[in-house]
Amino acid sequence: MTATNTTEPFVVIGGDAAGLSAASKLKREAPHRDAIVFEKGSWVSYAHCGTPYFVKGDVETLTDLLSLSPSDIRDRGIDLRRNHEVIAVSPMEQTVTVRGPDGEKIHQSYGDLLVATGARALSEPISGSQLDGVFTLHGLDSAANVRAFLSDPAEFTVESLGGDGYVDEATATRYGAMTPPETVAIVGGGYVGIEMAEAFSAWELDVHLFQRSDHVLPPFGTAVAERVEPHLDEQGVTLHLGTEVAEFSGEDGRVDSLACSNGTELAVDAALVGIGIRPNVQLAAETAVTLGDSGAIAIDEYGRTSVDHVYAAGDCAEMPHVVTGENTWVPLGLTANRAGRAIGQTVAGNPTPVGRIAGTAVVKAFDLECGRVGLTNLDRARDAGFDPVSETITAGSRSGYYPGVAETTVRLVADRKSGRLLGGSIVGGDRAAIRIDTLATALEGELSIEEVERLDLAYAPPFSPVWDPILVAAKVLNGQISS
Ligand SMILES: Cc1cc2nc3c(=O)[nH]c(=O)nc-3n(C[C@H](O)[C@H](O)[C@H](O)COP(=O)(O)OP(=O)(O)OC[C@H]3O[C@@H](n4cnc5c(N)ncnc54)[C@H](O)[C@@H]3O)c2cc1C
């Protein structure tokens, strides 16, 4: 790699988790170095993760979902340019071409460049996704539009959404004036679909959830799904499992029905499509940056891409997996922030690894909490060269006599030969999800199932039984391996 020209700025593409973490860290560690952040939209430093709870109404305004304001960011010494889209990167000249707010083209040189362009939600291949009333949830504008659509037109105002004046006013106003929906289809039973089922139910809509495979929450495995599905049913959500939505239809530009590949049809007046996301890699790919097998940007342990002085982090990049060691694409919030921060430190002259990922994820499904980490799918574990065995147990979350005890289901997967813990999942009602962090820590430490069984976990009746559900599961799985 050629030496960095530190008189040239650190240029960041993307003004959210990964991008701003990197720019902030650089300015703290090397205040003399210029940092410029180009963000194509108006929103910066926002929490995608809170948008389902904003739609539900638990979070009052979009302003609550903003972490740093533009002036906070500038106070950190970062040159923030909102409404500036980077449209080309030239690694030979070390410049980016940017389209400014009035369509003007700007050329900006860089010493180091971070691609932190995130991901985009898919709605293809479902036809009719452009109809009014069909949404994806990716970004604060989509959240604003869904909540405007749900609101009573007699009471709705754009100001009630909050958002410090950044809301796309024309679209939100149009949705706010429409007759609110009564029946909604959620397409996709991943974590966004499940969170949105709770949000729409809070607005007393008739909620139908369509999932192409046989179970919701595929990455969490069937032990979790088999508890979540009856719970969704109890909450009034109609599940259509093994059912693929093929098309939306409507008159006058607004959705009024959907049709599935198996012939099922349903009258709906709103739809939320949560069938997955794809990394935003077009810019990088045009720059000859190498992409990994997942289609996201391949990086090394310091977040460096295959092109000199070009880094990548967050939802557009792969990360090394704790269990397999292979670069894997798991687009989540902590890892975006953490990788961005590490790259800021590296660019400041202190090389810092971006860390590994375990695919640790948690989701709230009404009154149930779900968690997953590592390799939970046995076929995937076999493909990675392991001989996986698994056990599933259900145990109390607290001492049986203490009020609030809830059934907690834990499934653990370990390698038969080495005994190494490979992954696990959890579902239950009483702070079950956060217990997944014990397993994430065990995976990072590459513990065997025997070592997990011997962990000195906390016990007092209000928090846990003497034998934490994780210890019970480890004991049972270790017994199977040792027998
Ligand atoms: C509904 C929802 C719920 C979620 N819930 C959770 C959760 O509970 N837990 C969790 O861990 N994760 C969750 N996530 C994922 C988490 O939000 C992301 O992993 C995280 O935001 C990734 O940060 P990022 O900086 O890589 O990308 P982003 O936050 O997407 O930011 C990328 C930015 O780059 C900008 N950009 C793109 N291209 C250009 C360009 N050419 N020029 C200039 N700017 C550009 C975009 O406008 C965007 O602002 C959720 C995501 C969604 C959508």
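Residues numbered from 1 in each chain as written. Predicted model: local features only at pLDDT ≥ 70, side-chain atom pairs only at ≥ 80, totals over all residues. Heavy atoms only, no water.

S.K.: For this particular structure, what's the right way to read the domain arrangement of the protein?
M.R.: Split into domains, the protein comes out as domain 1 (10–41 + 83–119 + 278–347), domain 2 (134–275) and domain 3 (367–482). Relative placement of domain 1 and domain 3: their C-alpha centres are 35 Å apart. Listed per partner, the contact involves five residues of domain 1 and ten residues of domain 3. The three residues of domain 1 that bury the most area against domain 3 are V322, V323 and T324, which together make up 77% of that side's buried surface. Across the contact surface, domain 1 and domain 3 share zero salt bridges. Scanning the region where domain 1 abuts domain 3 turns up one residue pair in polar contact (both at pLDDT 80 or more). When the residues that make up the side of domain 1 that touches domain 3 are grouped by side-chain class, the tally is two nonpolar, three polar and no charged. (Domains from an automatic or database assignment. Contact = heavy atoms within 4.5 Å. Buried area = accessible area lost by both parts, 1.4 Å probe. Salt bridge = Lys/Arg side-chain N within 4 Å of Asp/Glu carboxyl O. Polar contact = N/O pair within 3.5 Å; in protein donor to acceptor, adjacent residues only side chain to side chain. Nonpolar A, V, L, I, M, F, W, Y, C, P; charged D, E, K, R; others polar.)

S.K.: Honestly, the pattern of salt bridges in this entry has me stumped. Any pointers?
M.R.: Oppositely charged side chains can form a pair if their charged atoms are brought close together. A complete count under the given rule lists 18 salt bridges for this structure. For K56, the salt bridge identified is with E198, shortest N-O distance 2.8 Å. Within this pair, whereas K56 is found in helix α2 (residues 51–56), its partner E198 is found in helix α6 (residues 191–202), the two being separated by 142 residues in sequence. The class for E198 is buried, based on a relative accessible area of 4%. Among the salt bridges present, the one from R174 reaches D132, with a minimum N-O distance of 2.7 Å. Taken as a pair, R174 in helix α5 (residues 169–176) and D132 in the loop between β8 (119–121) and β9 (134–135) lie far apart in primary sequence, 42 residues in all. Judged by relative accessible area, R174 falls into the partly exposed class, the value being 41%. (Helix = DSSP H or I, 4+ residues; strand = E, 2+ residues; numbered from the N terminus. Buried < 20%, exposed > 50% of the residue type's maximum accessible area, 1.4 Å probe, protein only.)

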